[in-house]
Amino acid sequence: MSYRTADSLRPVTLDDVRGAQKMLSGVARATAMEGSRHLSQLVGAPVHLKCENLQRTGSFKLRGAYVRIAGLLPEERAAGVVAASAGNHAQGVALASAVLGVRSTVFMPHGAPLPKISATREYGAEVRLHGQVVDETLAAAQEYAAATGAVFIHPFDHPDIIAGQGTVGLEILEQCPEVRTIVVGIGGGGLAAGIAVAVKALRPDVRIVGVQAAGAAAYPPSLAAGRPVSLRSTATMADGIKVGRPGDVPFSLVGELVDEVRTVTEDELAAALLLCLERAKLVVEPAGASPVAALLSAPEAFEGPVVAVLSGGNVDPVLMERVLRHGMAAQGRYLAVRVRLTDRPGALAALLGALSVVDANVLDVSHLRTDPRLGLTEAEVELHLETKGPAHCAEVGRALREAGYTVVG
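Since this is a predicted model, take the numbers as computed values, not measurements. (Residues numbered from 1 in each chain as written. Predicted model: local features only at pLDDT ≥ 70, side-chain atom pairs only at ≥ 80, totals over all residues. Heavy atoms only, no water.)

This part is about the overall build of the protein chain. Counting secondary structure elements, the protein chain contains 16 helices and 14 strands. Seen through its C-alpha atoms, the protein chain measures out along the principal axes to roughly 80 × 50 × 40 Å. Of the contacts formed within the protein chain by residues at least 6 apart in sequence, a portion of 73% connects residues at least 24 apart. Placing the 38 positive and 42 negative side-chain charges of the protein chain at their respective mean positions leaves the two points 1 Å apart. (Helix = DSSP H or I, 4+ residues; strand = E, 2+ residues; numbered from the N terminus. Contact = heavy atoms within 4.5 Å. Lys, Arg positive; Asp, Glu negative; His and termini not counted. Charge placed at Lys NZ, Arg CZ, Asp CG, Glu CD.)

Shown next as structure tokens:
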């Protein structure tokens, strides 16, 4: 089934975004703009964080979902709406529908984080779990729309969605009129397209930079081909921008109005999330931290003042723990090491004593005694250590070897 209609292909204009801003008054928050001293020092110019992670439902998605549903005809509202999402769009559609008194059904993949499923239900949507990936969930939602007459609310590929997301751009210009560069994550492209429509109409001199996760970067090959291209596979922890194909409507706007699309690695995303938490005291999901990752990877590439859009903060606590540990490891602040030693009383205490001398904090210890690689009197100990940076990691390894230990990993 195709969701394409003449209405879904109409152009998006500044007037559309301004109309959306009026419609969202009293519904979506004008989110805060926070300065970042650390990023400003790196870039050499003021850097501000646009905190859409503090928006209602925890992301910018409420803006577009509300504008889209509010624009439905009475008979369309009566039929209800349906959406497919792994989390942020689901919550946006659920809350927007509840505010407008419209029945909503949201399809989510079986692997969706439990907090996002619970929040979507609490906002009032009927949640149906289907498929393992969002593409399967999307197909199920479209089939449901065809069978029931419910209106399918696409997460990014509709002018009303883009106009709603574009209100972020209007707020940026109001809050930081001296802005020179806006950095925003790109998945399907709705947020970047909306911001670009609003900002370029009022300030064509402002540079807009999109950011994609390297493992789900569909825009670079699509822009090179001049049409949306589907990736064969996607792999990134940034599920908010894990989209295998650009939307048709946002693609044309991104191609025309966005100045550059950059990619960031998983290590850079992890480091950005850690920085937002430690330095800015903001809980941000990996997709929301992608603009910060771009600034960290190439601070000299951005003319200031810079506004980085933190698009969402709905991160699964389990993923947060893994990402933070990964980010700490990437910065040399977390070290996993395996040491072979003689299996006798006092051996572990001696090992821990050697680590205390170099001020390494032991977080976890595990023993391995039954492995054919080990001698009869040998044991292998895996230690997880909190360290102070790459130089300290090297010092720890050197101290262990000088103390006579065999470091095997």
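Examined against the element boundaries, serine 222 turns out to sit in helix 10 (residues 219-225). When its relative accessible area of 0% is taken as the criterion, serine 222 is described as buried. Among the polar contacts made by the side chain of serine 222, one reaches the main-chain carbonyl oxygen of alanine 218 at a distance of 2.6 Å. Excluding its chain neighbours within four sequence positions, the residues that come into contact with serine 222 are Arg227, Pro228, Val229, Pro246 and Phe251. (Buried < 20%, exposed > 50% of the residue type's maximum accessible area, 1.4 Å probe, protein only. Polar contact = N/O pair within 3.5 Å; in protein donor to acceptor, adjacent residues only side chain to side chain.)

Remark: helix 3 (residues 61-70) packs on helix 8 (residues 159-175), axes separated minimally by 7 Å, with the N-to-C direction vectors making an angle of 135 degrees. One way to sum up the angle between helix 3 and helix 8 is to call them oblique. Handedness of the crossing formed by helix 3 with helix 8: right-handed. Touching Lys61, Arg63, Gly64, Ala65, Val67 and Arg68 of helix 3 are Asp160, Ile161, Gly164, Gln165, Thr167, Val168 and Glu171, all from helix 8. The residue makeup of the contact of helix 3 with helix 8, split by class, is 4 nonpolar, 4 polar and 5 charged. (Axes fitted to C-alpha atoms, helices over the stretch in contact; angles between N-to-C directions. Parallel < 35°, antiparallel > 145°, perpendicular 65-115°, else oblique. Left-handed = near helix turned anticlockwise from the far one by under 90°. Nonpolar A, V, L, I, M, F, W, Y, C, P; charged D, E, K, R; others polar.)

Under the defined criterion, the tally for this structure stands at 15 salt bridges. Its salt-bridge partner being arginine 128, residue glutamate 126 comes within 2.9 Å of it at the nearest N-O pair. Across the salt bridge formed by glutamate 380 and arginine 340, the nearest N and O atoms sit 3.2 Å from each other. Of this pair, glutamate 380 sits in strand 13 (residues 378-386) while arginine 340 sits in strand 11 (residues 334-342), and the two are 40 residues apart along the sequence. Because the salt bridges share partners, they merge into one network encompassing Lys50, Glu52, Arg63 and Glu171. (Salt bridge = Lys/Arg side-chain N within 4 Å of Asp/Glu carboxyl O.)

Let's shift gears to unusual backbone geometry. Cis geometry is adopted by the peptide bond preceding proline 305, which originates at glycine 304 and carries an omega value of 0 degrees. Positionally, proline 305 belongs in the loop between helix 13 (290-297) and strand 10 (306-310). Of note in this structure, threonine 57 is not a glycine but carries a positive phi near 70 degrees. Tracing the backbone shows threonine 57 in the loop between strand 2 (47-51) and helix 3. A positive phi angle, close to 60 degrees, is found at lysine 281, a residue other than glycine. Take lysine 281: its relative accessible area is 65%, and that puts it in the exposed class.

Consecutive side chains along a regular strand alternate between the two faces of the sheet. Where burial is concerned, most of strand 2 is hidden: 5 out of the 5 residues are buried. Here strand 2 shows a buried face lined by Val47, Leu49 and Cys51 and a second buried face lined by His48 and Lys50. For strand 1 (residues 33-35) and strand 2, the ladder comprises 3 bridges, and the chain directions are antiparallel. Looking at strand 2, one finds that glycine 35 is bridged to histidine 48. As paired strands, strand 2 and strand 10 are joined by 5 bridges and run parallel to one another. Looking at strand 10, one finds that cysteine 51 is bridged to leucine 310. (Pairing = 2+ DSSP bridges.)

Take the sheet that holds strand 9 (residues 260-264) next. The 6 strands lie next to each other as 1-2-10-7-8-9, forming an open sheet whose pairing is mixed. Each edge of the open sheet is held by one strand with a lone partner, namely strand 1 and strand 9. On average, each strand axis in the sheet is inclined to that of its neighbour by 25 degrees, with strand direction left out of account. As judged from the 3 bridges shared by strand 7 (residues 181-185) and strand 10, these two strands associate in the parallel manner. In the strand pairing of strand 10, valine 183 is matched with alanine 308. Packing against the sheet, helix 8 makes contact with strand 1, strand 2, strand 7 and strand 10, and its axis sits at approximately 140 degrees to strand 2.

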